[in-house]
Amino acid sequence: MSAQDKMIHVANRLGLSSLKDMQGSTRMVYDSITTAALTHTFFKGASQRAFPLTNVGANGNQFQVDEALLVEKIAFFVPSAADGIAYGGLNGVGVKFDLVIGNKTVIKDATVEFGGEQAFWNDGTVGSSVLDLEGVGILIPPQVEYYVVAKGYNTFSREAFSTRLGCYLFGTGALLNFNTTI
């Protein structure tokens, strides 16, 4: 089943029959928090942060009517400057996270580490700390809040620690398509 087929199947089960008529796209949303903390909640309150800390707009942590994202990859990075412009990979930093859509936790206690033993994929470069859900994908439907709760830990000592973090959600998207000129 292709990503588009999965989006249409899930949308139909949710009663979103018009999603199949929308513009297909590749989509990526990200959010970063430059204040070191033990726990970060990404995408909640993101509309209050400015670019380049996030690319989430005024709608905050939900997509507009007839927009959606089938999450195929989740990645984390460390903003190395307070302005969020400079960033690096998770060298020495592990992340344990949950993905919540609506009131349901759809990924629980997953981990991502640079060069770590996560169950999916990491290409071994400093900038790459990616959980690859390709072939599975998780749909974030329109007008449903989503967020990621993440905790950093030291990959050497296995102890939790306070760190800055950023999170990407990447995959196949649907964008509003009026099928007319405006």
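Here's what I pulled together on the structure shown here. (Residues numbered from 1 in each chain as written. Predicted model: local features only at pLDDT ≥ 70, side-chain atom pairs only at ≥ 80, totals over all residues. Heavy atoms only, no water.)

Now for the pattern of salt bridges. For the structure shown, the criterion picks out 5 salt bridges. The partner of Lys96 in a salt bridge is Asp109, with the nearest N and O atoms 3.7 Å apart. Separated by 13 residues along the polypeptide, Lys96 in strand β5 (residues 93-101) and Asp109 in strand β6 (residues 104-113) bring together distant segments of the chain. Since its relative accessible area comes to 34%, Lys96 is described here as partly exposed. Judged by relative accessible area, Asp109 falls into the partly exposed class, the value being 41%. (Salt bridge = Lys/Arg side-chain N within 4 Å of Asp/Glu carboxyl O. Helix = DSSP H or I, 4+ residues; strand = E, 2+ residues; numbered from the N terminus. Buried < 20%, exposed > 50% of the residue type's maximum accessible area, 1.4 Å probe, protein only.)

Let us now look at unusual backbone geometry. Of note, the bond from Phe51 into Pro52 is cis; its omega dihedral lies within 30 degrees of zero at 15°. Inspection of the secondary structure puts Pro52 in the loop between β2 (39-42) and β3 (68-79). At Asp109, a residue that is not glycine, the phi angle is positive and equals roughly 55°. Even without being glycine, Gln143 reaches a positive phi, approximately 55°. The residue Gln143 is located in the loop between β8 (138-140) and β9 (146-154) in this model. By relative accessible area, which is 51% here, Gln143 ends up exposed.

On to the environment of Leu133. Its location among the elements puts Leu133 in the loop between β7 (130-132) and β8. On a C-alpha basis, the gap between Leu133 and Val71 in space is 7.3 Å, while along the polypeptide they are 62 residues apart. Not counting residues within four places of it along the chain, the set of residues in contact with Leu133 comprises Val71, Glu72, Ile74, Ile107 and Ile138. (Contact = heavy atoms within 4.5 Å.)

These figures capture arrangement, not role.
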